[in-house]
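Structural characterization, general
Each chain, written out:
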Amino acid sequence: MTRYIIRRLLQTIPLLLIISVILFVLANKMGDPLASFGGRRRIRSDDRERLTRKLGLDKPILVQYAIWLVGNDWMRVDIDGDGIPDEYGTRKGVLRGDFGKSFMEKRPVLEIIRERVSNTLILMLTCEVVILIFSLLIGIYSALRQYSTLDYVFTAFSFIGYSMPIFWLALILMYIFAVNFKQWGLPYFPTIGMYDLAVGRTVGQIAWHMVLPVATISIMSVAGYSRYVRSQMLEVISQDYIRTAYAKGLPERMVIMGHALKNAALPLVTIVGMDLPLLLSGAVVTESIFAWPGMGRLFWSAAQDTDIPVLMGILVIISALVVIFQIITDITYTFLDPRIRYN
Amino acid sequence: MTTTEVSWEFFEEEIERPPLTPAQVAWRRFRCHKMALVGVGLLIAIFLYVIVGAFIYSEADANRTDLSITLSPPSRDHPLGTDGTGRCILARTIYGGQISVLIGLSAVIVSVTVGVLIGAISGYYGGHIDAILMRFTEAMFNIPQLFLLILLAKLLSGKIPTFKLLGRSFSGSVIVIIGVIGLTSWMYLARIVRANFLSLKEQEFVTAARCIGSRNFSIIFEHILPNSVAPIVVAATLGVASAIINEAYVSFLGLGVQPPTATWGNMLDQAYHHLDSEPWMWFFPGMLILLTVLGINFVGDGLRDALDPRALTQTE
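It should be emphasised that the depicted structure is a prediction, and the values quoted were computed from it without experimental measurement.

1. So, the overall build of chain A
Looking only at helices and strands, chain A features 11 helices and two strands. Sequence-ordered secondary structure for chain A, helices as α and strands as β, is α-α-α-β-β-α-α-α-α-α-α-α-α. Across its three principal axes, chain A shows a C-alpha extent of roughly 90 × 60 × 35 Å. Evaluated residue by residue, chain A yields a buried proportion of 33% over its 343 residues. Once local pairs closer than 6 in sequence are excluded, the contacts in chain A between residues at least 24 apart make up 65%.

2. Looking at the overall build of chain B
Per the secondary structure count, chain B includes 15 helices and two strands. Looking at chain B alone, contacts between residues at least 24 apart form 71% of all its contacts between residues at least 6 apart.

3. Some details on the interface of chain B and chain A
In this complex, chain B contributes 34 residues to the contact, which on the side of chain A involves 36 residues. Put simply, the parts of the chain that give the side of chain B that touches chain A at least two residues each are helix H6 (127-141), helix H7 (145-156), helix H12 (229-252) and helix H14 (279-307) of chain B. Here the residues of the side of chain B that touches chain A sort into 26 nonpolar, four polar and four charged.

4. Overview of helix H5 (residues 149-162) of chain A
Compared with an ideal rise of 1.5 Å per residue, which puts 14 residues at 20 Å, H5(A) spans 20 Å between its outermost C-alpha atoms and is within 8% of the ideal. Those residues of H5(A) lying buried are Phe154(A), Ser158(A) and Phe159(A). All buried residues of H5(A) project into a common sector of 130° when viewed along the axis, lining one side. Away from its buried face, by an angle of more than 90 degrees, H5(A) presents the exposed residues Thr149(A), Tyr152(A), Val153(A) and Ala156(A). Where H5(A) is buried, its residues touch helix H4 (109-144) and helix H7 (203-237) of chain A together with H14 of chain B.

5. A word on the packing of helix H10 (residues 204-211) of chain B against helix H11 (residues 216-224) of chain B
Residues and elements named next belong to chain B. Interhelical geometry of H10 versus H11 gives an angle of 140° and a closest axis separation of 11 Å. Of the possible angle classes, the one that applies to H10 and H11 is oblique. Here H10 runs over H11; the crossing is right-handed. Taking contact as the criterion, the partners of Phe205, Val206, Ala209 and Arg210 in H10 are, on H11, Ile219, His223 and Ile224. For the contact of H10 with H11, a count of residues per class yields five nonpolar, one polar and one charged.

6. Section: helix H10 (residues 295-305) of chain A
Burial analysis of H10(A) places nine of its 11 residues in the buried class, which makes it a mostly covered element. Restricting attention to buried positions, one finds in H10(A) the residues Met295(A), Gly296(A), Arg297(A), Leu298(A), Phe299(A), Trp300(A), Ala302(A), Ala303(A) and Asp305(A).

7. A few points about the confidence of the model for chain A
When pLDDT is averaged along chain A, the result is 82, and 93% of the positions lie at 70 or above. Mean pLDDT across the elements of chain A bottoms out in strand E1 (residues 76-77) of chain A (72) and peaks in helix H8 (residues 240-247) of chain A (90).

8. Focus on the environment of Leu43(B)
Residues and elements named next belong to chain B. Locating Leu43 in the fold gives a position in helix H3 (residues 34-56). Taking the C-alpha atoms as reference points, Leu43 and Leu291, separated by 248 residues in sequence, lie 8.1 Å from one another. Apart from residues no more than four positions distant in its own chain, Leu43 is found in contact with Gly295, Ile296 and Val299.

9. Some words on the confidence of the model for chain B
Per-residue confidence for chain B averages 82 on the pLDDT scale, and 89% of its residues sit at or above 70. Confidence drops under pLDDT 50 across residues 312-316 of chain B; counting only partners more than four residues distant or on other chains, this segment forms three contacts.

10. Things to note about the environment of Ala265(A)
Among the structural elements, Ala265(A) can be located in helix H9 (residues 252-289). On the basis of neighbour count, Ala265(A) is assigned to the partly exposed category, with 19 C-beta atoms found within 10 Å.

11. Quick notes on unusual backbone geometry
All names here are of chain A. A positive phi angle, near 50°, is found at Ala291, a position not held by glycine. By the secondary structure assignment, Ala291 is in the loop between H9 and H10. In this structure Ala291 comes out as partly exposed when scored by C-beta crowding, with 14 C-beta atoms within 10 Å.

12. Structural notes on the environment of Ile44(B)
Residue and element names in this part refer to chain B. In this fold, Ile44 is placed in helix H3. The exposed category is assigned to Ile44, around which 11 C-beta atoms lie within 10 Å. Each C-alpha atom, one on Ile44 and one on Thr292, is 9.7 Å from the other, the two residues being 248 residues apart in sequence.

Reading the values: rules and limits
Residues numbered from 1 in each chain as written. Chains lettered and ligands numbered in written order. Predicted model: local features only at pLDDT ≥ 70, side-chain atom pairs only at ≥ 80, totals over all residues. Helix = DSSP H or I, 4+ residues; strand = E, 2+ residues; numbered from the N terminus. Buried ≥ 20, exposed ≤ 12 C-beta atoms within 10 Å, placed from the backbone. Contact = placed C-beta atoms within 7 Å. Nonpolar A, V, L, I, M, F, W, Y, C, P; charged D, E, K, R; others polar. Expected span 1.5 Å × (residues − 1). Arc of directions from axis to C-beta. Axes fitted to C-alpha atoms, helices over the stretch in contact; angles between N-to-C directions. Parallel < 35°, antiparallel > 145°, perpendicular 65-115°, else oblique. Left-handed = near helix turned anticlockwise from the far one by under 90°. pLDDT = per-residue confidence, 0-100.

Next up, the structure:
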């Protein structure tokens, strides 16, 4: 097992390198990185030349990548363009935890991301809990009462939920629960931001502001997963050991909770692990719509401003998380299901 | 006694009939799949909507701006209302639908081509080629698709000028979006095809083909590929649905097909600003996306059940 884990971890190194090369090339070719450097002001052409040299943007893309990766504090950089290296660079490179400075805000990328990451995590973890609870409840109910009216209703809703663009669902929820509820004089949900500026960042405020975004993301995912749980559950309850459990006189409740659920819920672990990229990219759209100050929205604004260091920071961190979560998922799975062995 | 006679007749009938080809079996199973038939119905309705509709409204109707009737609610003249520049939403959903469906289908052609090529080469040749291609596939697979979409869409936006085809002018961004969606969604297919090739290339018919001197090219495309058509068809069908959704995402973020060419996605682009006062502007395009994707998903589900080789052996 230890060997397996070590091998998997070693395999991630080349994988992450390839991912970062692909991302780096795409991000750097995406647009003029200096376009937004001076904020609203236009950059003078000699400034632009100096900046290009200072940021190393005049170098071949792979050299730029190498600098991004290992930094340039060990080599001299030619700043005035006379071909003679002037001073040592200041960047340490990603491998030493330096993701560079944002072109827009001129602050370290990690600092900017750190401010946002907790907001995204609050949203995502809540979603994950809601998704798990509801897909298990709906899935199990549908399996135990197969072909009942409610089963058909859930099936219909899950297909519809699965086929909607997430932002359209968001618009509809906003229209019903914010716009119409307000018109009808009912308590209505806020559609923008994390908390009321007048009230401040309290738990109640955040929870209240979270209702619609969480509902949007959860409905989409529950639609898919409840089907999955249903088919898993159907498979499990036709197994011999379930019949045995009934035969020895256990009440249905205990058969379901004690025997069936454990086995049916197992594959959900994989799904939740793999879910991360889906949730995070769903968050780009959801966070943009609900003006939630998280990573997704940060990514989107950085993409609009061609703020390459921030873009690369987010992309690399998320891709690394995806890869690592996959390994964690695989390993957790072996602990939960002793039938599976890796070697 | 009567029961045995009945079953004998039954058997004779079975024997007289020529055996069904796999395609016939699949068609029979598909026909029995209620949801798949609903899906087919939905898709036919959508096709009629975007094709018959084009005879009633001309493309000029879809792009004509009339500032005297901006943002008017559904009425007799404009059954689905008008948008911010007074264009008829109904006409735009018809022409937008054509583009959206076109993008969905073409993007899948791109992704199937790339996915099958990479998967087939990787699975067939193995070794270093396989290692390199699969590392690349895996790397692409681990980057959330929406991020790739945004990066590529920004990278390629504005690179292709407007062009004319069949008497209509298309914004070059249509091609860009097709390429971008196609190039970000082939990874799953490549994996399936590779896995299929890995097991199929060890079978006797491949050895036989090699013995009679078939070239690699013909073994890959004429002998092995036809055997992995079923999963490709299913993945491609479902791929059309996700391509249409992806087009909507990219357009919603403002990186999609540029106006005046309408798509369902870019009709939703400005929707956010009209959330409360003009719901017709975003409701109808979104509804059409939903119905189309729903129809495709139903059909895809039916195809999966109908083409499932395990299920096939059970009925034979």
